[in-house]
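Topology and contacts: notes
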Amino acid sequence: MAHPSEVSSSPAHVPWRDVGPPAAGVVLWVGVLFAAFHPGLMSVDTLDQYAQGLRGTFNDVHPPLGSWLLGLSGRWVGSPSLVLLGQLLLLAGSMALLVRSPDGRTGRKGLFVLGAFLLVPTVWALAVTLWKDVMSAAVLLGAVAALRYRRPLWALVLMVAGTALRHNALVAALPLAVPVMAQVARPTWRWPARALVLAGLVAGLALTPSLINRALGASRAWAAGQLFVFDLAGIYAAHPELFPASSLAQDLSAAELARGYSPFHVGFLLAGAPDARPIHLESLPGRRDVLVREWARVVHAWPAAYAHHRWETFRRLLGAFDGPVFFPFQGRIDPNPWGFRLPEQGGLHRWFRGAADLVRDSLLFRGWAWLGALTVLALLSLRDVRRRPLAFFTALSGLGYGLSYLVISIGCDFRFLYWSVIATFAALALRVAGEAPAPGASGPPSPEPQRGEEPQQRQAPARLGAAALGRAVDGLLVPGVSDNAGASVGAARGHAGAGTGELEVHAQRRQRDVRVLQRPPERGLMTSGRDTQPGRRRVVRRADRVEEEQPPGVLVLVAVRVVLARRGQPVVVGERPGLPVHLHRPVHPGQERHQLW
């Protein structure tokens, strides 16, 4: 008989009444938005990427992979509309997969989450824009959906694409590398092997974007130079007496810098304010070493001014100030040589545009509200991280990504927080609809048990993890072992709680009901121990001292098992004579749990 963990899991059949509404909603959402905003909203950055993709020459100011995709769509259909269609399908389809559940009550809750995701303007108002932020968020959401269905290799491919589509998306991908490692690792791997795999995943995610850039022949334009210029300008605006010694003095005067600097965006310095000369972006790569040394010296000497500049920018990014939100979404296609225009005369486009303008300054476009929601979801998922590890790490991904802008933001565009918005819905969907089954279990992710019900199967707890993550991360880094003994005890507890007194023994790929005659509580025998090599150490204890809540049927079955095992006879339990039922399998070395003899 094959080991349960070797049995391939296949999705259970879900009736059309459960699949139909999400699928119809996804198709309708994608179709309506594509018709209303075709070929997609485009800013100056998008048009620059599209031009690079058509020419086939790239620089790393914008991630070359996104430019290549936009240019590929342009060569195939004459516009970047294929990228618009792809990101809409990936966003809606991945969320539909996250909320899918065979349980009726859980499925209805999932439909509510999906409906909120599709209808909230914060999602669709940016989803129709061809920005690297949206492309990266779409593929990262696909990676979360792949992890829910235990497809770690697909998830890894999507995470690599996400990090290559946005310069700082590595911050969002790193927390997701932990569940990828947990699903790739074998149950027998110990901590050194798991840590090595995790280190390899992190290194691969960090290095792959540069390899993609090199494969596409992208030239280095030092996109990070904008951040150094922005920070230096913020300090010099507060202390203009320091500016004459700056290398930026060759570009503009102190008065011009004061007029051009704004905590809202570095673009005012690079484009040039009224009556102020600009700082040319093309000149930054040649001054890289000078600017880096100057930045380190000035920040070290004036940390309070640097912290004030960083906080003021981050506060405006979060929308935590009185006044309208800065650039919540793109509302048009900027002038371009290809003649791309929106169907602005159509009623559908006008309706969507009016709905977005109506709430542009509301709580829906205030970043602090989304980061606050992510914090709550992360804390709730941390409490039961062994049961909802993916929900915790998804919330951690969105939260860490948003907080990283405290030190790396060059502006206050709301699009910078788009992945945090998407991660909020993804973490909520995972908490509502459940997560992936354990290895060897068949069917889709199990729904959450309802009030008054007990889950029919419980996974065995994992070993303790690293001290840095503590017990919270242990349930993920060392996956639990789901075996027949744990399933039998869990089922017996559930039936005893309901008053039925039945014990379900889950054999491989099929279930058989084992009826146990109820008796008054007897003294049974139970064993616990740790596997050692080459043999096992077993300590026999009385069952009434181990777990007082054990149902009588389990104690009877344990006693019968012990007697037959000592006599050397095969254990035959079931409705059909001669059918062996294996109540346990060997424990992996290093794991400790209670077992039935």
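Residues numbered from 1 in each chain as written. Predicted model: local features only at pLDDT ≥ 70, side-chain atom pairs only at ≥ 80, totals over all residues. Heavy atoms only, no water.

1. Description of the side chain of H265
What counts, and what does not: Helix and strand definitions here come from DSSP, where helices need a minimum of 4 consecutive H or I residues and strands a minimum of 2 consecutive E residues; each element is numbered from the N-terminal end. Each polar contact in these results corresponds to two N or O atoms within 3.5 Å; when the atoms are within protein, one needs to be able to donate a hydrogen and the other to accept it, and residues that are neighboring in sequence are counted only if both atoms are side-chain atoms. Throughout, a residue-residue contact means that at least one pair of heavy atoms, one from each residue, lies within 4.5 Å.
Along the chain, H265 turns up in the loop between helix 12 (254–260) and helix 13 (267–271). Of the polar contacts made by the side chain of H265, one reaches the backbone nitrogen of G267; its length is 2.8 Å. Not counting the four nearest positions on each side in its chain, H265 is found in contact with F230, F326, I410, G411, C412 and D413.

2. Some remarks on the nonpolar core
As a reminder of what qualifies: What makes a nonpolar core is a set of buried Ala, Val, Leu, Ile, Met, Phe, Trp, Tyr and Cys residues whose side-chain atoms join them at distances within 4.5 Å. Working definition: with a 1.4 Å probe on protein chains only, accessible area under 20% of the residue-type maximum means buried, over 50% means exposed, and in between means partly exposed.
In terms of nonpolar packing, the biggest core is built from 99 residues, with W29, M95 and W419 touching the most fellow members. With 12 residues, helix 7 (residues 132–148) is the largest single contributor of residues to this core. With sequence-adjacent residues up to four places away left out, W29 is seen in contact with L88, A92, L118, V123, W124 and A127. Among the nonpolar cores identified, the runner-up in size contains 25 residues, and F230, L232, L269 and L270 belong to it.

3. Re unusual backbone geometry
Cis geometry marks the peptide bond from H38 to P39; its omega dihedral reads 5°. Mapped onto the elements of the fold, P39 is located in the loop between helix 1 (16–37) and helix 2 (44–55). Even without being glycine, D275 reaches a positive phi, approximately 60°. Relative to the elements of secondary structure, D275 occurs in the loop between helix 13 and helix 14 (288–301). Although it is not a glycine, F327 adopts a positive phi angle of roughly 50°. Topologically, F327 is positioned in the loop between helix 15 (303–317) and helix 16 (347–358). You can call F327 partly exposed: its relative accessible area is 31%.

4. Digging into the pattern of salt bridges
The following threshold applies: Any Lys or Arg side-chain nitrogen located within 4 Å of an Asp or Glu carboxyl oxygen qualifies as a salt bridge.
One pass over the full model with this rule turns up 15 salt bridges. Note that D251 and R287 form a salt bridge whose closest N and O atoms lie 2.7 Å from each other. Of this pair, D251 sits in the loop between helix 11 (225–238) and helix 12 while R287 is found in the loop between helix 13 and helix 14, placing the two residues 36 residues apart along the sequence. Taking the shortest distance from any N to any O, the salt bridge between R332 and D334 comes out at 3.0 Å. A network of salt bridges, in which partner residues are shared, links D45, D133, R166, D413 and R415.

5. Here we look at the environment of V229
Checked against the element boundaries, V229 lands in helix 11. You can call V229 buried: its relative accessible area is 0%. Spatially, the C-alpha atom of V229 lies 8.3 Å from that of L248, the residues being 19 residues apart in sequence. Setting aside residues no more than four positions away along its own chain, V229 makes contact with L248, L269, I279, L284 and L291.

6. Points about the packing of helix 3 (residues 64–77) against helix 8 (residues 152–165)
Put simply, the rule is: Axis angles are defined between N-to-C directions and span 0 to 180 degrees, where every axis is a line fitted to C-alpha atoms and, for a helix, only to the segment in contact. Comment on the angle field: the value is read as roughly parallel under 35 degrees, roughly antiparallel over 145, roughly perpendicular from 65 to 115, and oblique elsewhere.
Between helix 3 and helix 8, the least distance of the axes is 7 Å, while the angle of their chain directions is 95°. When the axis of helix 3 is compared with that of helix 8, the two are roughly perpendicular. On the side of helix 3, the interface is formed by L65, G66 and L69, while helix 8 contributes A161, A164 and L165.

7. Some thoughts on the packing of aromatic side chains
To be explicit about the condition: Under the pairing criterion, centres of Phe, Tyr and Trp rings, with the six-membered ring standing for Trp, must be within 6.5 Å; the plane angle then separates stacked pairs below 30 degrees from edge-to-face pairs above 60, leaving the rest tilted. Only lysine NZ and arginine CZ atoms are considered, and such an atom sits over a ring when it is within 6 Å of the ring centre and within 35 degrees of the ring normal.
Counting across every chain of the model gives 22 aromatic pairs. Aromatic side chains W351 and F352 sit 5.1 Å apart centroid to centroid with 85° between the ring planes, which places their arrangement in the edge-to-face category. Aromatic side chains F392 and F393 sit 5.1 Å apart centroid to centroid with 75° between the ring planes, which places their arrangement in the edge-to-face category. Just as F392 is buried, F393 falls in that class too. Counting every residue linked through ring pairs, the aromatic cluster contains F37, W124, W351 and F352. Across the ring face of F321, the terminal group of R366 is positioned such that the distance to the ring centre comes to 5.9 Å.

8. Description of the confidence of the model for the protein chain
Low pLDDT means the predicted coordinates in that region are not meant to be read closely. Let me state the cut-off plainly: Each residue carries a pLDDT value, the predictor's own confidence for that position, ranging from 0 to 100.
Predicted confidence across the protein chain gives a mean pLDDT of 78, with 69% of residues reaching 70 or more. For residues 438–557, every residue scores under 50 in pLDDT, and the model assigns this stretch 238 contacts once sequence neighbours within four places are set aside. Here residues 570–597 is a poorly scored stretch, pLDDT under 50, and it has 83 contacts once near neighbours within four places are set aside; other chains count.

9. What about helix 9 (residues 170–184)?
Let me state the cut-off plainly: Residue count minus one, scaled by 1.5 Å, sets the expected span of a helix. Bend at a given residue is defined as the angle between two axes, one fitted to the seven residues that end at that position and one fitted to the seven that begin there.
Its 15 residues place the ends of helix 9 20 Å apart at the C-alpha level, agreeing with the 21 Å of an ideal helix rising 1.5 Å per residue. Maximum bend of helix 9: about 30°, positioned at L176, with proline P179 one to four residues after it. The buried fraction of helix 9 is high, at 11 of 15 residues. Taken residue by residue, helix 9 has A172, A173, P175, L176, A177, V178, P179, V180, M181, A182 and Q183 as its buried positions.

10. Comments concerning the packing of helix 7 against helix 19 (residues 418–433)
What describes two packed helices is the angle between their axes and the distance between those same axes. So the rule is basically this: Helix crossings are classified by the rotation of the near helix relative to the far one: an anticlockwise turn of less than a right angle makes the crossing left-handed, while a clockwise turn makes it right-handed. Three residue categories are used. Nonpolar comprises Ala, Val, Leu, Ile, Met, Phe, Trp, Tyr, Cys and Pro, charged comprises Asp, Glu, Lys and Arg, and polar comprises the others, including Gly.
It is at 9 Å that the axes of helix 7 and helix 19 come closest, and there the two elements cross at 20°. The pairing of helix 7 with helix 19 is recorded here as roughly parallel in orientation. For the crossing formed where helix 7 meets helix 19, the hand is right-handed. Residue-level contacts link D133, V134, A137, L140, L141, V144 and R148 of helix 7 to Y418, W419, I422, A426, L430 and A433 of helix 19. The residue inventory of the contact of helix 7 with helix 19, partitioned by class, reads 11 nonpolar, no polar and two charged.

11. So, helix 8
With 14 residues, helix 8 ought to run about 20 Å at 1.5 Å a step, and its terminal C-alpha atoms sit 20 Å apart, in line with that. Of the residues making up helix 8, those classed as buried are P152, A155, M159, V160, G162, T163, A164 and L165. In this fold, the buried residues of helix 8 make contact with helix 3, helix 7, helix 9 and helix 10 (191–215).

12. Focus on a nonpolar patch on the surface
Note the cut-off: Residues enter patches when they are more than 30% accessible in relative terms and free of salt bridges; like-charged ones are connected within 9 Å and nonpolar ones (Val, Leu, Ile, Met, Phe, Trp, Tyr) within 5 Å. Residue-level accessible areas treat just the shown protein chains as cover; the underlying method is Shrake-Rupley with a 1.4 Å probe.
On the surface, a cluster of nonpolar side chains totalling about 480 Å² of accessible area is made up of W76, V77, L82, L85 and L89. When residues of the nonpolar patch are traced back to their parent elements, those giving at least two are helix 3 and helix 4 (81–99). The leading source of residues in the nonpolar patch is helix 4, at three residues. Looking at the element boundaries, V77 is found in helix 3.

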